[in-house]
Amino acid sequence: MTTLRLAIVGAGPAGIYAADLAKKSDRGVDVSIDLFERLPAPYGLVRYGVAPDHPRIKGIIGALREVLDGGAVRLFGNVEFGTDITLEDLQQHYHAVIFATGATRDASLDIPGIDLSGSFGAADVVSWYDGHPDVPREWPLDAREIAVIGNGNVALDVARVLIKHTDDLMPTEIPANVEAGLRSSPATDVHVFGRRGPANVKFTPLELRELGELRDVDMVVHDEDFAYDEAARTAIASNKQVMVMDRILQGWRKREVGAASRRLEFHWWARPVEILGEGRVEAIRWERTEPDGIGGARGTGEFREQAVQAVYRAVGYFGSPLPGLPFDERQGVIPNHEGQVLDDEGALVPGVYATGWIKRGPVGLIGHTKSDAMETVDHVLTDQGMWWTPQHPDERSVDELLASRGVRFTTVEGWHLLDAHEQALGAPAGRARVKVVPRDEMLAASLGEPVR
Ligand SMILES: Cc1cc2nc3c(=O)[nH]c(=O)nc-3n(C[C@H](O)[C@H](O)[C@H](O)COP(=O)(O)OP(=O)(O)OC[C@H]3O[C@@H](n4cnc5c(N)ncnc54)[C@H](O)[C@@H]3O)c2cc1C
């Protein structure tokens, strides 16, 4: 029986689901998979994107871990594609490669003032509060009033983490530097901006409802934003999720506000046009919009301002190009047809595949990466005639290659050691874990060395 030596780059959910589907496939090929991950720990945005106070979602890690523990898959953590290992290297050692490198950057927002001090991308603060090893330990939390631009779940995550009382985050895995940073924050008001209306939000009901349950935080919504037109009424009547969210918002409209010490205020029909300030953020300016009759928004020429000292844009993530691979600069993805990578002329690149957010762009939940992986893996297995012919298909040669380059890679066993170490750090306070942040400490724990 043929043994497919398959490399997967990126150990987020897309890469791990692809590994699972490839090894379970019943196509007359044995499969041996090596999963390369640039961080010392696996799980991608499940570990470094999903908010710390969403332990139920973080629980997906249990299922992903079973794949890593189940044999036929080796993890090479702390190995960066493009630096530690190249496309040419992979061609020497594998029949095919799947790229599952996700999207980690913030999409840009081109308005005056976006580069002022105090204006941030959501991806950066998310990485900070989730303890990503490659972002600064300190985060400047000195704003009393904060603007969050965007109407998706990431905007809600950022708004919630920034306005929540830190004590209410303490059952979570947040590292000590994040706890200290949040405790020092003087934030009392977070303003969330959406350029369309309450019936057009991209939130999900669970995430919206959760805000209304925050201790000592008033939800502030404005009656003027709820003058629904025909398009909005149709959206509410025809979509269960929109209907549920409308019900939640109507409930908030009836609530008394004023008793809480903190507020989360929604501004709809509000298109931010400028961030104002001398050197640093002092206010946000927006144009009031109105329904255009077909579900969109148009400007009214009326401008408003709100004093804020920090602005977070949560307007979407964006993929990054990978050395030696084609890249679609407009969409931020690797160009592909159902996961088969295409070159600049639109021809198939033999042996090279993509899955997850780098394949289809940064939208959708973790579960969607599974169906993605199914489509991609299906092509890998049926494209046998296009596989590479590796000179060194044996497993050991990969370890030797990395060792010869001085790459200190981590393994599944190493992840178990780091996992146990983090759980031990959390145990004295009754917490499930406390995350280790510095890369050298993650590596030491994974390699069984003393952790400082
Ligand atoms: C802030 C935020 C919150 C979210 N919350 C939820 C939620 O609550 N529920 C939900 O279902 N979904 C949530 N999502 C969506 C979910 O995280 C994504 O659907 C999913 O993580 C995409 O999977 P992926 O494997 O394609 O990418 P990722 O999870 O980003 O994984 C990509 C992996 O590739 C690695 N990598 C990148 N470049 C290289 C390289 N050059 N060499 C080696 N490795 C590399 C990265 O380190 C990473 O581990 C959230 C997303 C964000 C941004």
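Throughout, a residue's number is its position along its own chain's written sequence, starting from 1. Totals for whole chains, interfaces and linings use every residue, but because this is a predicted model, local features are given only for residues with pLDDT of at least 70 and side-chain atom pairs only at 80 or more, for both listing and counting. The side-chain quantities take in all heavy atoms of the structure and omit both hydrogens and water.

How we decide: UniProt positions are given in the numbering used here, feature names are shortened, and annotations may be inferred rather than shown by experiment.
As named in an unreviewed UniProt entry, the protein chain is ferredoxin--NADP(+) reductase, taken from Amnibacterium soli. The Catalytic activity (unreviewed entry) field of the UniProt record for the protein chain holds the comment "2 reduced [2Fe-2S]-[ferredoxin] + NADP(+) + H(+) = 2 oxidized [2Fe-2S]-[ferredoxin] + NADPH". Under the UniProt heading Sequence similarities (unreviewed entry), the entry covering the protein chain gives this text: "Belongs to the ferredoxin--NADP reductase type 1 family."

**Some thoughts on the overall build of the protein chain**
The line we're drawing: We count a stretch as a helix when DSSP gives it H or I for four or more residues in a row; a strand needs E for two or more, and each element gets its number in order from the N terminus. C-alpha atoms define the radius of gyration, and 2.2 Å times the number of residues to the power 0.38 defines the globule rule. The buried label goes to any residue with under 20% of its type's maximum accessible area, the exposed label to any with over 50%, and the partly exposed label to all in between, with areas taken from a 1.4 Å probe on protein chains only. The contact criterion used throughout is that any non-hydrogen atoms of two residues lie within 4.5 Å. Only the protein chains shown count as covering a residue, and every accessible area follows the Shrake-Rupley method with a 1.4 Å probe. Just so you know, the count uses Lys and Arg for positive and Asp and Glu for negative, and it drops His and the chain ends. For this purpose, a charge sits on NZ of Lys, CZ of Arg, CG of Asp or CD of Glu.
Scanning the protein chain from terminus to terminus reveals 16 helices and 18 strands. Computed over C-alpha atoms, the radius of gyration of the protein chain comes to 24 Å, within 12% of the 22 Å expected from 2.2 N^0.38 for 452 residues, which places it in the range of a compact globule. Taking the principal axes of the C-alpha coordinates as reference, the protein chain spans close to 70 × 50 × 40 Å. For the protein chain, the residues scored as buried account for 56% of the 452 residues in total. Long-range contacts, defined here as pairs at least 24 residues apart, represent 75% of the contacts in the protein chain between residues at least 6 apart. Total accessible area on the protein chain stands at roughly 19,300 Å², and carbon and sulfur atoms take up 51% of it. In the protein chain, 48 side chains carry a positive charge and 68 a negative one; their mean positions are 4 Å apart.

**Remarks on helix α6 (residues 122–129)**
Across the eight residues that make up α6, a large majority, seven, are buried. Just past α6, the residue G131 takes up positive phi, approximately 70°.

**Some points on the UniProt feature "domain: FAD/NAD(P)-binding" (unreviewed entry) in the protein chain**
Per the UniProt record, "domain: FAD/NAD(P)-binding" (unreviewed entry) is annotated on residues 5–166. Measuring from the first to the last C-alpha atom of residues 5–166 gives 47 Å, for a span that is 35% helix and 19% strand.

**Examining the sheet that holds strand β17 (residues 340–342)**
This is how it is decided: By the convention used here, strands pair only if DSSP detects at least 2 bridges between them. For helices, the fitted line uses only the C-alpha atoms of the stretch in contact; every axis is such a line through C-alpha atoms, and the angle between N-to-C directions lies from 0 to 180 degrees.
Within the open sheet, the seven strands sit side by side as β3-β2-β1-β4-β18-β17-β16. Their pairing is mixed. Two strands bound the open sheet, and with one partner strand each, they are β3 (73–76) and β16 (336–337). Alignment of strand β2 (residues 29–36) against β3, held across four bridges, turns out to be parallel. When the bridges of β3 are listed, F36 appears paired with F76. Across the face of the sheet, helix α1 (residues 13–24) comes into contact with β1 (2–9), β2, β3 and β4 (96–99) while running at roughly 165° to β2.

**Thoughts on the pairing of strand β10 (residues 262–267)**
Consecutive residues of a regular strand have side chains that alternate between opposite faces of the sheet. Within β10, five of the six residues are buried, which leaves it mostly tucked inside the rest of the structure. In terms of strand pairing, strand β8 (residues 189–193) meets β10 through five bridges, oriented parallel. Following the sheet pairing, V192 is matched in β10 by F266. Here strand β9 (residues 217–220) pairs with β10 via four bridges, running parallel. Looking at β10, one finds that D218 is bridged to R263.

**Quick word on the sheet that holds strand β13 (residues 297–307)**
The strand order across the open sheet formed by three strands is β11-β12-β13, and the pairing between neighbours is antiparallel. Two strands close off the open sheet at either side, each with one partner strand: β11 (270–276) and β13. Averaged over all neighbouring strand pairs, the angle between strand axes comes to 25°, with direction disregarded. The sheet contact formed by strand β12 (residues 283–291) and β13 spans nine bridges and is antiparallel. Following the sheet pairing, R285 is matched in β13 by E305.

**Some details on the pattern of salt bridges**
Keep this limit in mind: What makes a salt bridge here is a side-chain nitrogen of Lys or Arg within 4 Å of a carboxyl oxygen of Asp or Glu, nothing more.
This model, assessed by the stated rule, comprises 41 salt bridges. For D53, the salt bridge identified is with R160, shortest N-O distance 2.8 Å. Here D53, found in the loop between α2 (44–48) and α3 (55–58), pairs with R160, found in helix α7 (residues 153–163); they are 107 residues apart in sequence, far enough to count as distant. In terms of burial, D53 and R160 fall into one category: buried. Of the charged contacts, one joins R396 and E400 as a salt bridge, the two residues approaching to 3.1 Å between their closest N and O atoms. One end of the pair, R396, and the other, E400, are both in helix α14 (residues 396–404), four residues apart, so they sit about a helical turn from each other. One connected set of salt bridges, linked through shared partners, spans R47, K58, R65, D69, D130, E173, D419, E422, R433 and K435.

**Focus on the site of the ligand**
Note the cut-off: Whether a residue is near a molecule or strand depends on its heavy atoms: if one lies within 4 Å, it is near. Under the rule applied, a polar contact is a pair of N or O atoms within 3.5 Å (in protein, one hydrogen donor and one hydrogen acceptor; residues adjacent in sequence only if both atoms are side-chain atoms). Classification convention: Asp, Glu, Lys, Arg as charged; Ala, Val, Leu, Ile, Met, Phe, Trp, Tyr, Cys, Pro as nonpolar; all other residues, Gly among them, as polar.
Taken together, 31 residues surround the ligand, and among them A14, E37, L45, F81 and W357 come closest. Between the ligand and W357 there is a distance of 2.8 Å, counted from an oxygen atom to a backbone nitrogen or oxygen. Note that an oxygen atom of the ligand is positioned 3.1 Å from one of the backbone N or O atoms of G364. Bound to the protein, the ligand loses 94% of the 1,000 Å² it would expose on its own. Secondary-structure elements contributing two or more residues to the shell around the ligand are α1, α2 and α7. When grouped by side-chain class, the residues that make up the shell around the ligand number 18 nonpolar, nine polar and four charged.

**Concerning the environment of G15**
Summarising the element assignment, G15 is placed in helix α1. The class of G15 is buried, set by a relative accessible area of 0%. Here the alpha-carbon distance between G15 and L39, two residues 24 residues apart in the chain, equals 14 Å. Among all residues touching G15, those that are not within four sequence positions of it are I8, G10, L35 and A100.

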